[in-house]
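Tertiary structure, described
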Amino acid sequence: VSQTGYLVTAFAVVVAVILAWLAIILAKAARIRRDGAGLEVEHGHSADG
Amino acid sequence: MMPVRSESPSPSSEVGPVPAYLRTTALGAASVVVGLLALLLLLVIVPEDADQGISQKIFYFHVPIALTAYAGFGLGAWKALRLLWKRDERYDLESYTAIHQGTIFGVLTLVTGSLWAKASWGQWWLWSENQLVLFLVLFLFYCAYFMVRFSIEPGARRERISAVYSLFGVVLIPVSFFAIRLAEEAIHPTTFTLDGPQMEGSQFGAFMVGWLVMTVIGYAMYRVELAGKRTDLEIRELRDNR
């Protein structure tokens, strides 16, 4: 592996780990939003009914 | 069955305003992208090291990442101290999130450091190097934090034990940082000595920008993750209290 290869690999690892973290966070955000919307609907239902 | 929403539609339930949590996530994502682009530009502009060649540029993100890991562990310990002092449970989540960020940056420190070691020393790892081994001990100590934390039922007892554990770990930070400076023989480079930074002005400037970028990214990640965990906790409590 060339010297440039080590540099590029190290930088790519940093970017990949941060992007993986971001993907996990966004997936969790989607779940939290669904849960929150579900609660809102249930509350609305009981209030209406 | 679809429902309630279609029975009593309201403008906010159809296309609601963007939640604060998603706005924070977007801000965090933007800071990560801009920060990494700035760092990439720096890597292109800064001149190559005469001895190590282009692989030495790993230094401009390896060291800032390590410092950010220390900052994450340090912040976690500070929040733990606040928890024990003020008895305010919100510090528990803040301490846990900061240590989680420290661990992520710890992984990156070990991987980028190992790649740099292979490029410049010809070895992936040297057990004879105090700096490397002590950082690994620090990292493993905080990995064990999660095992300790999740082996206890949520509540005041878990908060206190986690806080005390993270305070013990923070003692390792100065030991890890100063190990290289106290060692008589070391292959790991010592860039910052009592005589100041051992590098040229442009290299030092690039390092400072790299440090700033990693600190901003680390802090943005901390805020985003904390906002998500808080919202998740609030929703769980709402559901449990129904």
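All figures in this text were calculated on a predicted structure; none of them were measured in a lab.

**Focus on the overall build of chain B**
Across its full length, chain B carries nine helices and two strands. Ordered by position from N to C terminus, the α and β elements of chain B give α-α-α-α-α-α-α-α-β-β-α. Every one of the 242 residues in chain B was classed for burial, and the buried ones make up 45%. Considering only contacts in chain B between residues 6 or more positions apart, those separated by 24 or more positions represent 74%. Here chain B displays about 12,900 Å² of accessible surface, and carbon together with sulfur accounts for 64% of that area.

**A closer look at the environment of I58(B)**
In this fold, I58(B) is placed in the loop between helix 3 (20-45) and helix 4 (59-86). In sequence terms I58(B) and S128(B) are 70 residues apart; their C-alpha atoms lie 22 Å from each other.

**Quick look at the side chain of T109(B)**
Mapped onto the elements, T109(B) comes out in helix 5 (residues 90-121). Beyond its immediate chain neighbours, meaning those up to four positions away, T109(B) contacts H62(B), I65(B), A66(B), A69(B) and F135(B).

**Details of the interface of chain B and chain A**
By a widely used convention, the size of an interface equals the accessible area lost when the partners come together. With 44 residues of chain B in contact, the opposing surface of chain A contributes 30 residues. The interface formed by chain B and chain A includes one salt bridge. D232(B) serves as the salt-bridge partner of R31(A), at 3.2 Å between the closest nitrogen and oxygen. If you look at where chain B meets chain A, you find four residue pairs in polar contact (both at pLDDT 80 or more). Elements with a minimum of two residues in the side of chain B that touches chain A: helix 1 (4-7), helix 3, helix 4, helix 5 and helix 9 (201-240) of chain B. The element that contributes the greatest number of residues to the side of chain B that touches chain A is helix 9 of chain B, accounting for 13 residues. Partitioning the side of chain B that touches chain A into residue classes produces 27 nonpolar, eight polar and nine charged.

**A word on the side chain of Q56(B)**
Residues and elements named next belong to chain B. Along the chain, Q56 falls in the loop between helix 3 and helix 4. Relative accessible area serves as the criterion here: at 8%, Q56 is assigned to the buried category. The contact partners of Q56, leaving out residues within four places of it in the chain, are D49, W116 and Q203.

**Overview of the packing of helix 6 (residues 130-150) of chain B against helix 7 (residues 156-169) of chain B**
Residues and elements named next belong to chain B. Relative orientation of the contacting elements helix 6 and helix 7 amounts to 175°, with a least axis distance of 10 Å. It follows that helix 6 is roughly antiparallel to helix 7 by the angle criterion. Between helix 6, through L138, F141, Y142, A144, Y145, V148, R149 and F150, and helix 7, the contact on the second element is made entirely by R158, I161, S162, Y165, S166, F168 and G169. Tallied by class, the residues present in the contact of helix 6 with helix 7 amount to 10 nonpolar, three polar and two charged.

Thresholds, definitions, all that
- Per-chain numbering applies: the sequence of each chain, read as written, is numbered from 1 onward.
- Naming scheme: in the order in which they are written, chains are lettered from A and ligands are numbered from 1.
- Predicted model: local features are reported for residues with pLDDT of at least 70 only, side-chain atom pairs are reported and counted for 80 or more only, and whole-chain, interface and lining totals are derived from all residues.
- Based on all heavy atoms of the structure, the side-chain values leave hydrogens and waters out of the count.
- Note on conventions: DSSP H or I runs of at least 4 residues are helices, E runs of at least 2 residues are strands, and numbering of each starts at the N terminus.
- To sort residues, take the accessible area from a 1.4 Å probe on protein chains only and compare it with the maximum for the residue type: under 20% means buried, over 50% means exposed, and anything in between is partly exposed.
- Only heavy atoms matter for contacts: two residues are in contact if any of them lie within 4.5 Å across the pair.
- We get accessible surface area from the Shrake-Rupley algorithm with a probe of 1.4 Å; when it comes to residues, only the shown protein chains can shield them.
- Any Lys or Arg side-chain nitrogen located within 4 Å of an Asp or Glu carboxyl oxygen qualifies as a salt bridge.
- Nitrogen and oxygen atoms within 3.5 Å of one another constitute a polar contact, given that in protein one can donate a hydrogen and the other can accept it, and given that sequence-neighbouring residues count only through two side-chain atoms.
- We call Asp, Glu, Lys and Arg charged. Ala, Val, Leu, Ile, Met, Phe, Trp, Tyr, Cys and Pro are nonpolar, and the rest, Gly among them, are polar.
- Between N-to-C directions, angles span 0 to 180 degrees; the directions come from axes that are lines fitted to C-alpha atoms, helices contributing only their stretch in contact.
- Working rule for angles: under 35 degrees goes down as roughly parallel, over 145 as roughly antiparallel, 65 to 115 as roughly perpendicular, anything else as oblique.

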